[in-house]
Amino acid sequence: MTKDSIALLQNYIDEASLIAFFGGAGVSTESGIPDYRSPEGTYSEMEKRDLDPEVLMSKRYLLQHPEDFFERRRREKAAKPVYPNAAHRYLADLEQAGKDVRIITQNVDGLHQTAGSRYVLELHGTDRYWYCMECERHFSYEELAYDERGIPRCHIDQGIIRPAVVYFGEHPDRRLLEKSRETIRKADLLIIAGTSLTVNPAKNLIRRFNGDRVVVVNTEPIDTGKLPVDLFIQHPIGEIFSQLEVNQPKSSRR
Ligand SMILES: [Zn+2]
């Protein structure tokens, strides 16, 4: 069954001229980043301890409890380093081979870029750089200097330096959303992977799709609303993508 599914997916990819890849936390789990909405995820852990993730991962919490907020970020960063998996690498290789692959991700880990992908829209921002909330100067994590309370401060104006992540209660960048809509609208193949589509604006975005084929690769069935799914593969994405071939795009289609 899975063998047939992989052959079909290969065929869809080979035939497509513009692939939109819409990915969520499940794309990074095989890199060792827990999917916070899965039963073993960090958010579920927090919920068990009566700590609401929507509170802890919000701008309000950052401003009201900066010591705890930044302590949590330091603990995350101190965890073992993560690397792109077969899914990140396949998409990057495909683009490198000349395929028009455009990635829209809900992840903030930057693993698509680490793998070499160049068209990546990060709906929830990125953890790869931090910025001063006063002057908006950018800093890398390694450049941060902390005050006596453990809060990273800008050396120019003493503003708090925070991750460029879109937290709960914050909204994705408008131009980025517009570009994401446009990308999905123009694609002829849409691959939805590793996401339950429950976090906004996921469901609204995929509704824009107007192309030929929709593929879902996820460990759980998901609700795509009115969007019909041509192929559903219930499996971790890295294991699936590691079995695909990188074929040169057909020049006649360009
Ligand atoms: Zn500043």
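Here the structure is shown first, and the text comes after it.
Quick caveat: nothing in here was measured; it's all calculated off a predicted structure. (Residues numbered from 1 in each chain as written. Predicted model: local features only at pLDDT ≥ 70, side-chain atom pairs only at ≥ 80, totals over all residues. Heavy atoms only, no water.)

Asker: Pulling in residues and values, what's your account of the side chain of Ser-28?
Answerer: Summarising the element assignment, Ser-28 is placed in the loop between β1 (18-23) and α2 (42-48). On the basis of relative accessible area, Ser-28 is assigned to the buried category, the value being 2%. Polar side-chain contacts of Ser-28 include one of 3.3 Å to the side chain of Asn-107. A polar contact is formed between the side chain of Ser-28 and the side chain of Asp-109, at a distance of 2.6 Å. (Helix = DSSP H or I, 4+ residues; strand = E, 2+ residues; numbered from the N terminus. Buried < 20%, exposed > 50% of the residue type's maximum accessible area, 1.4 Å probe, protein only. Polar contact = N/O pair within 3.5 Å; in protein donor to acceptor, adjacent residues only side chain to side chain.)

Asker: I'd love a proper account of the sheet that holds strand β5 (residues 138-139), names of residues and values included.
Answerer: Taken in spatial order, the three strands line up as β5-β4-β6 in an open sheet, and their pairing is antiparallel. On the outer flanks of this sheet lie β5 and β6 (161-165), each paired with one strand and no other. With two bridges connecting them, strand β4 (residues 125-132) and β5 associate as antiparallel partners. Looking at β5, one finds that Tyr-131 is bridged to His-138. In this fold helix α5 (residues 66-78) packs onto β4 and β6, with an angle of close to 60° to the strand it touches most, β6. (Pairing = 2+ DSSP bridges. Contact = heavy atoms within 4.5 Å. Axes fitted to C-alpha atoms, helices over the stretch in contact; angles between N-to-C directions.)

Asker: Outline the packing of aromatic side chains, supporting the account with residue identities and numerical values.
Answerer: Counted under the stated rule, the structure contains six aromatic pairs. A ring pair is formed by Phe-69 and Phe-70, whose centres lie 5.1 Å apart and whose planes are at 80°; its orientation type is edge-to-face. The exposure class assigned to Phe-69 is buried, which follows from its relative accessible area of 0%. Among the residues examined, Phe-70 registers a relative accessible area of 1% and is labelled buried. Relative to Tyr-167, the ring of Phe-69 has its centre 5.4 Å away and its plane inclined at 85°; by these criteria the two rings are edge-to-face. On the criterion of sequence distance, the pair formed by Phe-69 in helix α5 and Tyr-167 in the loop between β6 and α8 (174-186) is long-range, its members being 98 residues apart. Residues Phe-69 and Tyr-167 agree in their burial class; the two are buried. By way of ring pairs, the aromatic residues Phe-69, Phe-70, Trp-130, Tyr-141 and Tyr-167 are connected into one cluster. Positioned above the aromatic ring of Phe-69, the side-chain terminus of Arg-73 is 4.5 Å from the ring centre. The ring of Tyr-146 carries Arg-74 above its face, with NZ or CZ at 4.8 Å from the centroid. (Phe/Tyr/Trp six-rings, centres within 6.5 Å; stacked < 30°, edge-to-face > 60°. Lys NZ or Arg CZ within 6 Å of the ring centre and 35° of its normal.)

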